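If you want the building blocks of each chain, they are given just below.
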Amino acid sequence: MAATGYPQYIYLLAGAAEDEADPRVRAAIVFAHERLSLAQKSPRWAAGLSLLCPGCGHLYLGQRSAGLGFLASTVVLLGSGLGLAASSGIADDPAGEPHFKNARGPVGLELLFAAQNLWMYSIFAAYRDARIAREDRGYRYPSSDESLATLVSAPFRPSVLRRPWFWAGLPLMFGGALALTWFADRPLFDRDHRSLSDGKGVRFMGGRFGTLPGASLAEAYFAALFLPVGVGEEALFRGVLQPSLSESLGPWGGWVAASLIFGAVHIGNFLGPERESTGSELRKAALAIPFITMVGSYLGFVSLKTHRQLATSVALHFWYDFLLGTASFVADPDNQPFVVRLALPI
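Reading the values: rules and limits
Residues numbered from 1 in each chain as written. Predicted model: local features only at pLDDT ≥ 70, side-chain atom pairs only at ≥ 80, totals over all residues. Heavy atoms only, no water. Phe/Tyr/Trp six-rings, centres within 6.5 Å; stacked < 30°, edge-to-face > 60°. Helix = DSSP H or I, 4+ residues; strand = E, 2+ residues; numbered from the N terminus. Lys NZ or Arg CZ within 6 Å of the ring centre and 35° of its normal. Disulfide = S-S within 2.5 Å. Axes fitted to C-alpha atoms, helices over the stretch in contact; angles between N-to-C directions. Parallel < 35°, antiparallel > 145°, perpendicular 65-115°, else oblique. Left-handed = near helix turned anticlockwise from the far one by under 90°. Contact = heavy atoms within 4.5 Å. Nonpolar A, V, L, I, M, F, W, Y, C, P; charged D, E, K, R; others polar. Expected span 1.5 Å × (residues − 1). Buried < 20%, exposed > 50% of the residue type's maximum accessible area, 1.4 Å probe, protein only.

**Student:** Outline the packing of aromatic side chains, listing residues and values.
**Tutor:** To describe a pair of aromatic rings, one takes the distance between the centres and the angle between the planes. All chains considered together, the criterion is met by 20 aromatic pairs. Measuring from ring centre to ring centre gives 6.2 Å for W255 and F301, while their planes differ by 55°; the resulting arrangement is tilted. Linking W255 in helix α12 (residues 211–265) with F301 in helix α14 (residues 279–305), this pair joins segments that are 46 residues apart in sequence. Here the aromatic residues F204, F209, Y221, F222, F226, F329 and F338 are joined through ring pairs into a cluster of three or more. The ring of Y60 has K41 sitting right over it, with the charged end atom 4.9 Å from the ring centre. Positioned over the ring face of F262 is R238, at 4.5 Å from the centre of the ring.

So, in structure tokens, the structure goes:
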């Protein structure tokens, strides 16, 4: 059945459902009507509407429950995160070091990251559902059909972690980031500050803990912070942007373009309003952005080599961020998001 013939079948099915007396047959007709109606929707329109408003792409597809769920969840996470962050109090310890008085600020940051990346995932989910409904008619290249559960569990599934693209690529990504940090941000290593090995414990969400329990809490915080990032960014860049650009630029052109965009959007990590535009920060950005672009290009290459699936790139992204966060924590435990300041990894 050609896609151009769908509208007449949709019209016939709508009338047949009204006239059918058997409830089982009527339910089957309604299901077929919904599937054919969904197959008429544009994946790019679905993704674009979700970019403007989380869940709006699903509403466009006629998936009302999913659309309202994405919209409500994102609004609740965003509102709660902003409220907690705005109400967080900051105090100074006897040494004059600022820290959060309570858990509101660090938890607020977690919720804001979750809201941002749920929004990103909603764009992918609408694009994915529209592509699946069309059975990729009109598209030259396949795209990911993975569910949220598949992507969230990817960093912890042995079947993913034993893939050569993961265990060979992660050390190179992480080692390169550490080497670049050493070269671009020597003060992180040279300045006079305490490290985790000094035995003075860990300040965490307004409290102070011994080194071992404090480090355990810090690792749990990083896991909750970076898992949504790995899922959301991979879903958007490798799940939507790269396959969409590949349709017009070819698979390798789409890969290059998506990688460049991935690097460009991370400029805010170094030149955002919370950072001073000093020569040091500009130099750091000039070194880091090309490296981040290379990381993004490897993640995109892995997606191509794993049949455009996202599980391996999500696992790589999560563990890369998690290990960099851990390294920063070990080097400078007081310059962390659960204390008061956020040192963003490369």
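Next comes the rest of the account.
**Student:** Mind laying out the state of the cysteines, listing which residues take part and the relevant values?
**Tutor:** In total, this model carries one disulfide according to the counting rule given. Two residues, C53 and C56, share a disulfide whose sulfurs are 2.4 Å apart. Across the disulfide from C53 to C56, rotation about the S-S bond amounts to roughly 60°, and the bridge is consequently right-handed.

**Student:** I'd like to hear about the packing of helix α3 (residues 43–52) against helix α6 (residues 104–134), residue by residue, with values.
**Tutor:** Running from amino to carboxyl end, α3 crosses α6 at an angle of 165°, the nearest separation of the two axes being 8 Å. One element, α3, and the other, α6, form an angle in the roughly antiparallel class. Here α3 runs over α6; the crossing is right-handed. Of the residues in α6, those touching α3 at P43, R44, A46, A47, S50, L51 and L52 are W119, S122, I123, A126, Y127, A130, R131 and R134. Looking at side-chain class alone, the contact of α3 with α6 contains 10 nonpolar, two polar and three charged residues.

**Student:** Could you give an account of unusual backbone geometry, with specific residues and numbers?
**Tutor:** You will see that E135, though not glycine, has its phi angle at about 55°, which is positive. Here E135 lies in the loop between α6 and α7 (148–153). In this structure, D136 takes a positive phi of about 60° despite not being glycine. Mapped onto the fold, D136 is located in the loop between α6 and α7.

**Student:** Got a sec to walk through α6? Specific residues and values, please.
**Tutor:** Helix length check: α6, at 31 residues, gives a terminal C-alpha distance of 45 Å against a target of 45 Å (1.5 Å per residue), a fit within 8%. Of all 31 residues making up α6, 23 are buried, and the element is well covered by its neighbours. E135 sits one or two residues past α6 and shows a positive phi near 55°.

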